[in-house]
Amino acid sequence: MAGADPLQREFEFFATVCAEYCPLYAALSARVAEDELVRSMARGGHSQHPPANLLFGAVHYLLLCGVDHPLRAFYATVGGARPADDAWPHFRDFCLAHEHAIRQLVRERLVQTNEVGRCGVLLPALACAFASFDAPLHLIEVGASSGLNLFFDRYHYHYSNGVELGPNSPALVETELRGGIEPPLPPVMPAIAGRLGIDLAPVDVLDDDAMRWIESLIWPDMVERLVLLRAARDIARRSPPRILTGDAMDLVPEAFAAAPRDATPCIFHCHAIYQMDRAWRERFEHLLAGLGRRRDFAHVSLEWLRDDPGPRLHLTLHRRGEAPQRTLLAEAHHHGRWMRWVARAG
Ligand SMILES: C[S@@+](CC[C@H](N)C(=O)[O-])C[C@H]1O[C@@H](n2cnc3c(N)ncnc32)[C@H](O)[C@@H]1O
């Protein structure tokens, strides 16, 4: 039956997701959807990880490694500038020529970005968390990947309403503000008492090959994302973050217990727990509610769950003796390019 392959629909959907910011992937994804052989190379990856990202990541990785092929001329991240509409025959040829390496990468790697642009969306939520308890934040990031978001206070921010904040930094995060409500952008960065990441498969910021895979998952038309990632990576390399390996469900309690008494634990995650199923996420909420009965803390979540049309930013304040207070703060773009604040003050 035509259209029965779910992978075909994945690539058709991916083409629409990319349409606005990555004409190259939009054009290629529409063609991969129709090509059974190339499409098949996206099979075999981790079941919770989007196959389109894995296939395009594998090809991009090989190009970033320096593999020579006419396809390079279409990838802006390696200096290409040819129009996307002409790329398909070269992409297909590249996939056939490097089929073994591509299938191996799809099988072995995970969709692990570290999208520093999301810090522009996280910052007002983290500032609200800081203001709510008035004590330095002890950051615990679930799904930290290489931990770059743990250093959000070392980047410079530029919002489209003209607000600039943060230290002078080669890592410049630009965020467009949409809608009529301005987010509460703080005059100074929230104070940070500590930083700790948790990840099923942490990426060592000092490991060049692992960081190249993270770069590979950046859409090649979006060179500015690559520039930001590399700038943040270089900042993190000066004092690499501590990231525990394992499932957040198992590790959050010990990470939480280790938070200093004079700090506010702040558990946050962005584009991470969407990779777990609904039952896991319910158990995680339950776990956090239990921790909230022990001591006050903030929980910031920026996730794109299947039922939502896009990413949603929530802040939950856990105060001992009170029911957790959960607020939808904003809708956002999945790379953090824009946010629409929806929470009203007070
Ligand atoms: C798509 S990446 C996003 C990374 C980073 N938060 C960002 O926004 O750039 C998702 C990360 O979450 C991690 N992850 C997913 N489920 C997890 C779990 N149950 N416990 C710990 N880490 C998890 C993955 O290993 C991966 O590194």
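Source: prediction; values computed, not measured.

What should I look at first to understand the overall build of the protein in this one?
Counting secondary structure elements, the protein contains eleven helices and eleven strands. For 346 residues, the compact-globule formula gives about 20 Å, and the C-alpha radius of gyration of the protein, at 20 Å, lands near that figure. With respect to the principal axes defined by its C-alpha atoms, the protein has extents near 60 × 40 × 40 Å. Counting only residues that meet the buried cut, the protein has 42% of its 346 residues in that class.

Just to check I follow, could you spell out the packing of helix 4 (residues 51-64) against helix 8 (residues 208-216) for this structure?
Working note: a packed helix pair is described by the angle between its axes plus the distance between those axes. Closest axis-to-axis distance for the helix 4/helix 8 pair is 8 Å, and the angle between their directions is 125°. Classed by the angle they form, the pair helix 4 and helix 8 counts as oblique. Helix 8 is crossed by helix 4, and the crossing has right-handed handedness. On helix 8, the residues touching G57, H60, Y61 and L64 of helix 4 are R212, W213, E215 and S216. The residue inventory of the contact of helix 4 with helix 8, partitioned by class, reads three nonpolar, three polar and two charged.

Can you help me understand the site of the ligand in this one?
Lining the immediate environment of the ligand, one finds 23 residues, of which E115, G143, S145, A248 and A272 sit closest. Split into classes, the residues belonging to the shell around the ligand amount to eleven nonpolar, eight polar and four charged.

Just checking my understanding: could you explain the environment of P309 for this structure?
Position of P309 among the secondary structure elements: in the loop between strand 8 (297-303) and strand 9 (312-318). Residue classification places P309 among the exposed positions, given that 7 C-beta atoms sit within 10 Å. For the pair P309 and E331, spaced 22 residues apart in sequence, the C-alpha separation works out to 9.4 Å.

For this particular structure, what's the right way to read the sheet that holds strand 10 (residues 325-332)?
The strands that make up a sheet pair up through hydrogen bonds in the backbone, lying either parallel or antiparallel. Read from one edge to the other, the open sheet built from eleven strands follows the order 3-2-4-11-10-9-8-7-1-5-6, with strand pairing classed as mixed. A strand with exactly one partner marks an edge of an open sheet, and here the two such strands are strand 3 (164-165) and strand 6 (243-245).

How do you make sense of the environment of P170 when you look at a structure like this?
Following the sequence through the fold, P170 ends up in the loop between strand 3 and strand 4 (172-178). Measuring from C-alpha to C-alpha, the distance between P170 and E182 comes to 26 Å, with twelve residues separating the pair along the chain.

Help me understand the packing of helix 1 (residues 6-18) against helix 2 (residues 23-34), please; the structure alone is not making it clear to me.
One way to put it is that helix 1 packs onto helix 2 with a least axis distance of 8 Å and a crossing angle of 165°. As summarised for this structure, helix 1 and helix 2 are arranged roughly antiparallel, according to the angle between their axes. The crossing of helix 1 and helix 2 is left-handed. Together, Q8, F11, E12, F14, A15 and C18 of helix 1 and Y25, A26, S29, A30, V32 and A33 of helix 2 make up the contact between the two elements.

I tried to follow helix 5 (residues 88-97) on my own but got confused; where do I start?
Considered for burial, the residues of helix 5 that qualify are F91, F94 and C95. Buried residues of helix 5 fall within an arc of 100° about the axis and therefore sit on the same side. What points out from helix 5, more than 90 degrees from its buried face, is the exposed set P89 and L96. On the buried face of helix 5, the contacting elements are helix 2, helix 3 (36-40), helix 4 and helix 6 (99-108).

Sorry, what's going on with the pairing of strand 11 (residues 338-341) here?
Along any regular strand, the residues point their side chains to alternate faces of the sheet. By the alternation rule, side chains of strand 11 split into M339 and W341, which are all buried, and W338 and R340, of which none is buried. As defined by bridge partners, strand 10 adjoins strand 11 across three bridges and the pair is classed as antiparallel. Paired with A332 across the strands is M339, a residue of strand 11.

Basis of the calculations
- Residues numbered from 1 in each chain as written.
- Predicted model: local features only at pLDDT ≥ 70, side-chain atom pairs only at ≥ 80, totals over all residues.
- Helix = DSSP H or I, 4+ residues; strand = E, 2+ residues; numbered from the N terminus.
- Rg over C-alpha atoms; globule rule 2.2 N^0.38 Å.
- Buried ≥ 20, exposed ≤ 12 C-beta atoms within 10 Å, placed from the backbone.
- Axes fitted to C-alpha atoms, helices over the stretch in contact; angles between N-to-C directions.
- Parallel < 35°, antiparallel > 145°, perpendicular 65-115°, else oblique.
- Left-handed = near helix turned anticlockwise from the far one by under 90°.
- Contact = placed C-beta atoms within 7 Å.
- Nonpolar A, V, L, I, M, F, W, Y, C, P; charged D, E, K, R; others polar.
- Near = placed C-beta within 6 Å.
- Pairing = 2+ DSSP bridges.
- Arc of directions from axis to C-beta.

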